[in-house]
Amino acid sequence: MSPKTVGIIGGLGPMATVAFMNSVLQHTPIKSNRDHLHMIVDCNPKVPDINAAILGTGPSAALALAAGGRRLETAGADFIVLVCNAAHVYEDELRRAVAVPFISMIEETVRTIRSDTPQCRRVGLLATDGCLRSNLYQDRLASVDLIPVSQTDDELGRLMLALSRITAGDVSHAIRFEILSLIDALAERGAETIVLACSEIALVGLDAGIDVPVIDPCLVLAKTTVRTALGG
């Protein structure tokens, strides 16, 4: 059976989309270049700001995301993924817009927490203001008896400032140190696992220096994408 074609709604932001595609490449078992997956990407950074839309300070992104999903379906995608945590607030609209399956980053992340860290009860959320306001993770964590640990207002402000630097291309040691300090703050308040609930966070490189399990939803989604495309 031929692998399925992947449809990727990206551009939110573009660097995270490229990092996601690299993760898909890295986790695809190959013997030659021809074994890699067919990925169709709608990388559209002109979609209305997701966080502003959720907070009520900007227009809805529902129509733009639905249009992106339809473009991918028309182009031949067998299933669709969305490389942005907060944008999953429009998950229902996306599912209604297309006939092909949509794989939820949020659902896959919560499933991974339960399977990979079964002893965990308190989950730290390093997330944007919009993602937190939407309760995307909080509701799904609660549905499987997990307790979300959120940032303080000060920590959220620090994260939003760091993310603005990262999206402008700053992945310096200073920004990495700030992200690590925010992770430590969540762990100190009892978080047993940390979710990097914004696709840009992992761009700074967090391979070492963390004492608690950290889950990157983009990596989770990349692995699920490969399994789905290969019929797993």
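Bear in mind the structure is a predicted one, so any value in this text is a computation, not a measurement.

Colleague: I keep staring at the nonpolar core and nothing clicks. Help me out?
Modeller: Inside soluble globular proteins, nonpolar side chains tend to come together where they are buried. Of all hydrophobic cores here, the largest spans 57 residues; its most connected members are Ile50, Leu65 and Tyr137. Broken down by element, the residue count for this core peaks at 6 residues, all from helix α10 (residues 217-229). With residues near it in sequence (within four places) discarded, Ile50 still touches Ala61, Leu65, Cys84, Ala86, Ala87 and Tyr90. Counting residues in hydrophobic clusters, the runner-up holds 20 residues, among them Leu126, Leu182, Cys198 and Ile201.

Colleague: Explanation requested: the sheet that holds strand β3 (residues 79-82) in the structure shown.
Modeller: Strands pair in a sheet through their backbones, by hydrogen bonds, and they do so in one of two ways: parallel or antiparallel. Strand order in the open sheet formed by 4 strands is β2-β1-β3-β4, with parallel pairing between adjacent strands. Strands at the two margins of the open sheet, each flanked by one partner only, are β2 (39-43) and β4 (102-103). Relative to β2, strand β1 (residues 6-10) is paired through 5 bridges, and the arrangement is parallel. Residue pairing in the sheet places Val6 in a bridge with Met39 of β2.

Colleague: Explain the sheet that holds strand β8 (residues 214-215) here, please?
Modeller: Here we have 4 strands laid out as an open sheet, ordered β6-β5-β7-β8, and parallel in their pairing. Both outer strands of the open sheet, β6 (147-149) and β8, are each paired with one neighbouring strand and no more. Where strand β7 (residues 193-197) meets β8, 2 bridges bridge the pair, whose relative direction is parallel. Note on β8: the bridge partner recorded for Ile194 is Val214.

Colleague: In this structure, what is going on with the layout of surface pockets? I would like to understand it.
Modeller: Gaps left between atoms are located by rolling a probe of water-molecule size over the structure's atoms. Roughly 470 Å³ of internal volume is contained in the largest pocket. Residue lining of the largest pocket: 25 residues in total, with Leu12, Gly13, Asn51, Thr167 and Glu200 positioned closest to the centre. Of all elements in the fold, only α1 (14-26), α2 (50-55) and α8 (153-167) reach the threshold of two or more residues within the lining of the largest pocket. With 4 residues, α8 is the single largest residue contributor to the lining of the largest pocket. Taken together, the residues that form the lining of the largest pocket break down as 15 nonpolar, 8 polar and 2 charged. Looking at the second largest pocket, its volume works out to about 350 Å³. Taken together, 17 residues line the second largest pocket, and the ones lying closest to its centre are Ser23, Ala202, Leu203, Asp216 and Leu219. When contributions to the lining of the second largest pocket are tallied by element, the ones reaching two or more residues are α1 and α10. Considering every element that reaches the lining of the second largest pocket, the biggest residue donor is α1, with 5 residues. Residues that form the lining of the second largest pocket fall into these classes: 10 nonpolar, 5 polar and 2 charged.

The rules behind each value
- Residues numbered from 1 in each chain as written.
- Predicted model: local features only at pLDDT ≥ 70, side-chain atom pairs only at ≥ 80, totals over all residues.
- Heavy atoms only, no water.
- Core = buried A, V, L, I, M, F, W, Y, C linked by side-chain atoms within 4.5 Å.
- Buried < 20%, exposed > 50% of the residue type's maximum accessible area, 1.4 Å probe, protein only.
- Helix = DSSP H or I, 4+ residues; strand = E, 2+ residues; numbered from the N terminus.
- Contact = heavy atoms within 4.5 Å.
- Pairing = 2+ DSSP bridges.
- 1 Å grid on protein atoms, 1.4 Å probe; cavity = no way out; pocket = protein on both sides within 12 Å on 5 of 7 lines; lining within 4 Å.
- Points joined across faces, edges and corners; volume = space filled by probe spheres on them.
- Nonpolar A, V, L, I, M, F, W, Y, C, P; charged D, E, K, R; others polar.

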